[in-house]
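# Chains, contacts and geometry: an overview
Here is what each chain is made of, one letter per residue.
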Amino acid sequence: MKHALLWLPLLVTTTLGRVPVPLEAQWRGAVVVEGRAFSGAAHGVGVSRYETAVAFRLERTVDWDRGRQFLTVAPFFRWDPVDPNRTRLDFRDLSWQGRWRDWELAVGMRELFWGVAESRHVIDVLNQREVVAGAEGYVKLGQPMVHLTWTRRWGVVEAFLLTGFRTRPFAGQAGRLWSPLPVDADDATFESAAETGHLDAAVRWTHTVGAWDIGLAHFRGTSREPRFVLGGNGLGQAVWVPHYDLIRRTSVDLQLTTGRWLWKLEGARQTAAAGRHSALAGGVEYAFADYLSVLAEYVYDSRGDRATTSLQDDVYLGARLLTQDGAISAGGYIDRKTGNRFLNIQATRRLTDAFTATLEVWVFGGASGREPRHAPRRDTTLGLRVSRFL
Amino acid sequence: MVSPLRSRWWTVLAIVGTCVPLTVVAQDPEVRGLEIAAEADRRDSGYRDITAELTMTLRSRNGREHTRVMRIKTLEVEGDGNRTILVFDQPRDLEGTALLTLGHPTGADDQWLYLPALRRVKRIASGNQASSFMGSEFAYEDIGSQELGKYTYRFLQNDSVAGRSALAVERIPTDPKSGYARQVVWFDSEEYRVLKIDYYDRSNALLKSLELRGYRRYAEAYWRPDEMRMVNHQTGKSTTLRWRDYRFGVGLREGDFDRNRLSRVR
C-alpha cells in the first residue's frame, strides 16, 4: 500500500497548478549544513565517528477564496555524502486546507504536534519519527491524513483519518545509538495483515478554561513506535527487527499556567495484544522572565526495562535562556534507578539576519551496562549546524 | 425625530454646558487631568481592529543594534481586553513565529507562542506587565491598551513639546504591580495625541522617555505615529518602533485569534 503515500502529493501538486493567481505567497526555508563527531568506544565495523549532511527545508503557503483555502508545500531534503541511507526526500507538509465558519478540513501530508511536556513527548503520536543525534532527538515524517476540525465554545474537536503508515527509519549513528546490534528496518513486521495499509484513526478534544489547557485524545491503529524482535539478516548476523503492533492509546494532557509557574502533565495508556502499559511526563516550569526559565520534569514508562526508551524512570532538569543574538538551552536526564545521566546543551547564535550557528553537545554519563538495551553507546556527541535562511 | 428648533436649543445648551465646567474645573487639576485623558481616549476608541507592520530596533548603550520585523493584528473586544497576534518576519530564523495575546482588563493576560520549526503551540507564562517586551525598553504595560481606569490623573500645566502647544498631565498607575511610581504625559492641545511620556520608576527617579513622531490620520479618525522612540536614561539603551502599513477596520473576527490557527497567520 505504498501508493497511499503517493496519491496525496500527486493530488496536491495537480491542484496547485490550478490555483488562481495572483497569490500572496513566497518560499521560506533554510539550507542547513551539519556535522557531528562521536567519541567513546567505537561499535560495529566500518561505523564512522563522523556524520555530515546538508539539509534543505522549504515551505510555501498559498491562499485564495479570501484566505479560506490554503495549499501548503513543505519539502525536506537531506543529503548525506557518506551514508546513502540517510539521504531522504520527504514532505513535512503537502496539504490542502479549507475553513468555513467553525469547520476546517485538511487533506494531505501533515506534521502536527500534541502535548505540553518538554522532556519527552508522550502523547504526540500522529507522525512517525526518525531518530537523529541532534535538536529534539528526532525529526518527524509527514503523515498522510484527512483532518477535520470543529471549533466550538466548549472546545475544539478534531478527527483524523490516517491513510498510510510510515515505518521508522533507522539510518545513521542515531539509529544505532541505543543498541550495538543493527536494526533491519527493511524487514519490519506488522500485526496488521494490511501492513502499512492499515487505516488508523484518532480523535482529539482540546479546550482552554482560564489558566487551564486541557486535551484528551484517543488513537487506534498501528503504533508509530516499534518493538524490537531479535532476528537474523541474510548473512546470518543477529539484528533487531522492528515489529509494529496494533494499539489503542488514550491520552490526556494538562497545563496550568499561573503567573510565572507552568504546571505540565501528559500521560497515555496503551493497549496492545502484547499487553498494556502507561507512560507519562510532567513537571513544572518557572519563568523568571520571558527570556529565562528553568524546568523540572519526571518521565515514566510502566514497561520499565522493556520500554523502547531509556526514559522510563528519569528526572529531567533543564534551563533555557534567550538573548538578543540567540538562545542557550541545557537539559539533563538522570535515571532514578541506575543513576545514568544524559546531558544535552544547545547554543544557537545569530550571525547575520540570515545565518545562525548552533553548537550542540550530548554527553552520556554512567555505565551503559546498567541499561544494556537502551543506553547510548557513544559517550559524547559534538555537533555543529550552520543554517542559512532563505 | 428631533425638531430643528429643539436641536438648536441643545447645541446652545451644549456650548454653555462645556464652557461652564471648563472654567470651574480649571481650578481642580484632578478633574481637568481626567477630562483630558478621557477626551484622548474617546477620540481613539471604536476602531475595532487594526493591522500594521512594525520594525523594532533595539540599540545598546554602545550603539549596537538589533532589528526585529513583525506584523501585528489587534481586535478590540467588547467587555474584555484586546486580542493581539504578532508574527515575526525577521530575523529570518524566527520567521513565522507567532505570539497570541488574549488581554484581560484585570488579571494576567493569556499568551500562546507558535514555534514553526516544531509545529508546536505553547501556552507561555504571560509577561508580567512591568517586564520588558521582547528585550526592548518597552514594558508590556507601555504598549498594552491604555484604559482610563489604569491611572489616576492630575493636570500639571500648559506646555509645549517640539514647538507644539501641549497639555501636561501626570498619571499614577492604579495597579500596585506597575513598574512606575508615576508618568507625565504630554497631549497636544488640538488633537489630544500623545507627544511624549516621561516614566518615573518606583523610587520616583526619571527612568525612560517616550517620544512619538510623524502622526498620520487613518480611517479619517485615528491618529497614529510613524515612530515611537523610548530612551532609558538609566541604562543608555533605546528602542525605536517604526510603524507602517496601518489598516483600520479590516474585518478581523475573534475566530482569527484562535491558538489552533496560529500556524497560518499571515
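Residues numbered from 1 in each chain as written. Chains lettered and ligands numbered in written order. Predicted model: local features only at pLDDT ≥ 70, side-chain atom pairs only at ≥ 80, totals over all residues.

Quick look at the overall build of chain B now. The helix and strand tally for chain B stands at three helices and 15 strands. Contacts in chain B between residues at least 24 apart in sequence constitute 40% of all its contacts with a sequence separation of at least 6. (Helix = DSSP H or I, 4+ residues; strand = E, 2+ residues; numbered from the N terminus. Contact = placed C-beta atoms within 7 Å.)

With that settled, the discussion passes to the overall build of chain A. Broken down by element type, chain A carries two helices and 23 strands. Residues classed as buried in chain A amount to 36% of the 390 residues present. Sequence separation of at least 24 residues holds for 53% of the intrachain contacts in chain A that already meet a minimum separation of 6. (Buried ≥ 20, exposed ≤ 12 C-beta atoms within 10 Å, placed from the backbone.)

Any residue range with low pLDDT should be treated as having predicted coordinates unsuitable for detailed reading. All names here are of chain A. Across chain A, the average pLDDT comes to 85, with 86% of residues at 70 or higher. A low-confidence stretch, residues 1–6 stays under pLDDT 50, and its non-local contacts, those more than four residues away or across chains, total 12 contacts. Contacts for the low-pLDDT stretch residues 19–24, under 50 throughout, to residues beyond four places or in other chains number six contacts. (pLDDT = per-residue confidence, 0-100.)

With 15 residues, helix 2 (residues 29–43) of chain B extends 21 Å from end C-alpha to end C-alpha; this agrees with the ideal 21 Å at 1.5 Å per step. For helix 2 of chain B, the full list of buried residues reads Arg32, Gly33, Leu34, Ala37 and Ala40 of chain B. (Expected span 1.5 Å × (residues − 1).)

Where interface size is quoted, it is often the accessible area lost as the parts come together. If you look at the interface, chain A gives 26 residues, while chain B gives 19 residues. Breaking the side of chain A that touches chain B down by element, the ones donating at least two residues are strand 8 (143–152), strand 15 (246–258), strand 17 (275–289) and strand 23 (380–389) of chain A.

This part takes up the confidence of the model for chain B. All names here are of chain B. Summary statistics for chain B give a mean pLDDT of 86 and a share of 89% for residues scoring 70 or more. In the model, residues 1–9 has pLDDT below 50 throughout and makes one contact with residues more than four positions away in sequence or in other chains. In the predicted assembly, ipTM is 0.88 and pTM is 0.86.

Below, the discussion takes up the pairing of strand 3 (residues 69–79) of chain A. Residues and elements named next belong to chain A. Pairing of strand 2 (residues 50–64) with strand 3 involves nine bridges; the strand directions are antiparallel. Bridge pairing links arginine 60 to valine 73 in strand 3. Joining the antiparallel neighbours strand 2 and strand 3 is a turn of four residues, in which aspartate 65 adopts a positive phi near 55°. As defined by bridge partners, strand 3 adjoins strand 4 (residues 88–100) across 10 bridges and the pair is classed as antiparallel. Of the residues in strand 4, the one forming a bridge with valine 73 is leucine 94. (Pairing = 2+ DSSP bridges.)

Attention shifts here to the sheet that holds strand 10 (residues 189–190) of chain A. Residue and element names in this part refer to chain A. Here three strands make up an open sheet; going across it, the order is 10-14-13 and the pairing mixed. Looking at which strands have only one partner, the edges of the open sheet turn out to be strand 10 and strand 13 (227–232). For strand 10 and strand 14 (residues 238–244), the ladder comprises two bridges, and the chain directions are parallel. Its bridge partner being in strand 14, threonine 189 is matched across the sheet by histidine 243.

Before going further, it helps to examine the nonpolar core. Ranked by internal contacts, the top residues of the largest apolar core, which has 26 residues, are Ala166, Leu167, Val169, Trp186, Phe187 and Leu195 of chain B. When residues in this core are grouped by element, the largest group, four residues, is from strand 8 (residues 164–173) of chain B. Contacts of alanine 166 of chain B, omitting those with residues within four sequence positions, involve Asp159, Ser160, Val161, Trp186, Phe187, Asp188, Ser189 and Leu195 of chain B. Listed in part, the 24 residues of the second largest apolar core include Val122, Ala268, Ala281 and Tyr333 of chain A. (Core = buried A, V, L, I, M, F, W, Y, C linked by C-beta atoms within 7 Å.)

Here the focus is unusual backbone geometry. All names here are of chain B. Residue glutamine 90 is joined to proline 91 through a cis peptide bond whose omega torsion reads 0°. Residue position: proline 91 is located in the loop between strand 3 (83–90) and strand 4 (98–102). Positive phi values are uncommon outside glycine, yet alanine 162 reaches one of about 50°. By the secondary structure assignment, alanine 162 is in the loop between strand 7 (151–161) and strand 8. The exposed category is assigned to alanine 162, around which 11 C-beta atoms lie within 10 Å.

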